[in-house]
Amino acid sequence: MAPLLLFSLLLLLLLFSNPTTCSESHISAIVSSKGIDFVKDLLVNEAVKTMTPLELPDIQKTTKIPLVGYVTMVASDLTLYELNVTSSSANLGDSGVEIVASGVTADMSMDWSYSYTVGWIKISDKGNASVRVEGMEVGLTMIMKSNNGSLELTVSDLSCYIDKCIISLNGGASWFYQGFVNAFKNHIRSAVEKAIIQRVTDGSSKLNALLQKVPKSISLDHISSLNLTLVSNPIYSDTSIEFDINGLFNSSSRKEEANNKWRNYNLNKRVHLSSDCKSKMVVASIDELVFNSALQVYFQAGYMNLLVKRLPVQSILNTASWQYIVPQLYVMYPNDPMALNISISSPPAVTVIEEKLSGTLYADVIVDVMDGNNTVPVACIQVEVAASGNLTMSGDSITGAVGLDDFALTLKWSNVGNLYMPLAEGIFRVLLNDVLMPLANILLEVGIPLPAVHGFSLQDPYIYTSNSALFFCSDIAFSNSTSILLHTLRNVL
């Protein structure tokens, strides 16, 4: 029961929270007690299904019955076929999660037989019986630790107690009934307790083996991967479990370098959850360095270049429109088409501040002239662009909008004389406002779908920014009984 609960919690963990204390953690994950209760309530029934049917070993006992003598009795084909849980709870402690299922009842079937000897005559009989177990309580404490960057799960305490065992025999002689009940009641109770403890222990071991196979890095494409290594043991409180994850993007060819770049960054910042987030089942806090590491990777891979040959005002890309900016250009290449070859000169930097994200990028724009079949670079202008925007939730996707705050131009070199920069600013303002910003907003409007666990959906997701981190909060709802997650867990347990 409990292994199923805990593994499901782990797989729902794109849920993140407040202060990070480890210098290598850039994503922190938290599941609140509300979230734990949701998963517990949802999965108790699924856990019961993994317990049934439960076959118990045969029991044989020889006992002395008045007026009869010594009788050998056997209880065989004992099968626990139904479990019902009246109530359950999940409590967080200093070092683990305590799971208690109480008021559990179980129904069993079995065959019985007996034999004894009178003189040289052997007398025997057999029949079947129903057994009902009442007042069962199952409790265990699960501890999760980081083992070489993976999550390790162990059971530190496990118990099963049964209050009543009621046996109803069918067939046979009535004189035999009470003797059988007296002889086997405690044995059956003990057998059920041991079988359930063994089933939970076996399931926990299988679950831990499965956790060790969870990848520490997920490839997002052929360029980058996301480091999901745990950097510390989970942190327990009375109301939550927190997981600290590396969370940085890595280049496929320079993984170690990508991780080391931000190693000494100080992350000991105090952040505060909004009132909306505090009431949610799950919360995600992603530091701005996660975004910057992604920009670093794609910059190094050469994916931040753009060749502009068409504009909404196409006449701008003709030397005639530049004759007052660079008079010599028009003299050397009259009425020739032009292109702007844009390359980012250094990784863009994103800063997360209250209610918005802001960023600065530096780009080199090489002005090319299409002289017949030849492309002639004639000048290079450095552009410093400052932009800011905000993110919102639209369904299960993160969307947003970005706008231009300011920009500045600097001439790096020219083969056609000096440029009159105040006039050049007009052309670049059109380029930024009419091409680059709309392009960015089209991508943001489409949105970034959040990772989803099959069979589950987000309820009232909420996103905001504060103190160098992006926060995502949501409740979770179960939406599909054929969930791949539940199918996987049933196979494991």
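Residues numbered from 1 in each chain as written. Predicted model: local features only at pLDDT ≥ 70, side-chain atom pairs only at ≥ 80, totals over all residues. Heavy atoms only, no water.

The protein chain appears in an unreviewed UniProt entry as Lipid-binding serum glycoprotein family protein from Rhynchospora pubera.

Chemist: What exactly am I supposed to notice about the sheet that holds strand E10 (residues 217-219) here?
Modeler: Sheets are built from strands that pair by backbone hydrogen bonding, the pairs being arranged parallel or antiparallel. Within the open sheet, the three strands sit side by side as E10-E11-E14. Their pairing is antiparallel. Every interior strand has two partners, whereas the edge strands, E10 and strand E14 (249-251), have only one. Pairwise comparison of adjacent strand axes, ignoring direction, gives a mean angle of 35° for this sheet. Two strands pair when backbone bridges link them, and E10 and strand E11 (residues 224-227) are joined in this way by three bridges, in the antiparallel orientation. Bridging across to E11, Ile-218 finds its partner in Leu-226. Set on the sheet, helix H6 (residues 288-300) makes contact with E11 and E14; between it and E14 the angle comes to about 15°. (Pairing = 2+ DSSP bridges. Helix = DSSP H or I, 4+ residues; strand = E, 2+ residues; numbered from the N terminus. Axes fitted to C-alpha atoms, helices over the stretch in contact; angles between N-to-C directions. Contact = heavy atoms within 4.5 Å.)

Chemist: Would you mind going over the sheet that holds strand E15 (residues 282-287) with me for this structure?
Modeler: Spatial ordering of the open sheet is given by E12-E13-E1-E15-E24-E23, a layout of six strands whose pairing is antiparallel. Each edge of the sheet is formed by a strand with only one pairing partner; in this case those strands are strand E12 (235-236) and strand E23 (456-466). Inspection of the sheet shows strand E1 (residues 27-32) paired to strand E13 (residues 240-245) by six bridges, in the antiparallel sense. What sits directly across from Ser-32, in E13, is Ser-240. Strands in contact with H6 are E1, E15 and strand E24 (469-478); relative to E15, the strand with the most contacts, it is inclined by about 55°.

Chemist: Looking at this structure, I do not really get the pairing of strand E19 (residues 356-371). What am I missing?
Modeler: Here is the key point about a regular strand: its side chains alternate between the two faces of the sheet. Of the strand pairs in this sheet, strand E17 (residues 338-344) and E19 are connected by seven bridges, and their pairing is antiparallel. For Ile-344, the partnering residue across the bridge sits in E19 and is Ala-363. Of the pairings in the sheet, the one linking strand E18 (residues 349-353) to E19 comprises five bridges and is antiparallel in character. Note that in E19 the partner of Val-352 across the bridge is Leu-357. Linking E18 to E19, which pair antiparallel, is a turn of two residues; within it Glu-355 sits at a positive phi near 70°.

Chemist: What's the story with helix H8 (residues 421-446) in this structure? I'm lost.
Modeler: Residues lying three or four places apart along an α-helix face the same way, a consequence of the helix completing one turn every 3.6 residues. For H8, spanning 26 residues, the distance from its first C-alpha to its last is 36 Å, which sits close to the expected 38 Å at 1.5 Å a residue. Structurally, H8 contributes buried residues whose contacts are with strand E16 (305-308), E17, E19, strand E20 (374-394) and strand E21 (397-414). In the stretch just after H8, Gly-447 is the one whose phi turns positive, near 90°. (Expected span 1.5 Å × (residues − 1).)

Chemist: Explain the pattern of salt bridges to me, please; I cannot follow it from the model alone.
Modeler: Pairing of side chains with opposite charge becomes possible as their charged atoms draw close. Enumeration according to the criterion identifies four salt bridges in this entry. Each of Asp-107, Arg-132 and Glu-134 takes part in one network of salt bridges that share partners. (Salt bridge = Lys/Arg side-chain N within 4 Å of Asp/Glu carboxyl O.)

Chemist: Please explain the packing of aromatic side chains as it appears in this structure.
Modeler: A ring pair, where both rings are aromatic, is described by two values, the distance of the centres and the angle of the planes. Applying the stated criterion across every chain, the model contains four aromatic pairs. Both rings, one in Tyr-464 and one in Phe-471, keep their centres 5.0 Å apart while their planes meet at 10°; by these two values the pair is stacked. For Tyr-464, a relative accessible area of 13% corresponds to the buried category. Of the residues examined, Phe-471 reaches a relative accessible area of 0% and is grouped as buried. (Phe/Tyr/Trp six-rings, centres within 6.5 Å; stacked < 30°, edge-to-face > 60°. Buried < 20%, exposed > 50% of the residue type's maximum accessible area, 1.4 Å probe, protein only.)

Chemist: What is the right way to look at a negative patch on the surface in this model?
Modeler: Among the surface-exposed residues, Glu-55, Asp-58, Asp-77 and Asp-111 lie close enough to one another that they form a single negatively charged patch. You can call Glu-55 exposed: its relative accessible area is 64%. (Patch = residues over 30% accessible without salt bridge, like charges linked within 9 Å, V, L, I, M, F, W, Y side chains within 5 Å. Areas by Shrake-Rupley, 256 points an atom, 1.4 Å probe, with all protein chains shown as cover. Lys, Arg positive; Asp, Glu negative; His and termini not counted. Charge placed at Lys NZ, Arg CZ, Asp CG, Glu CD.)

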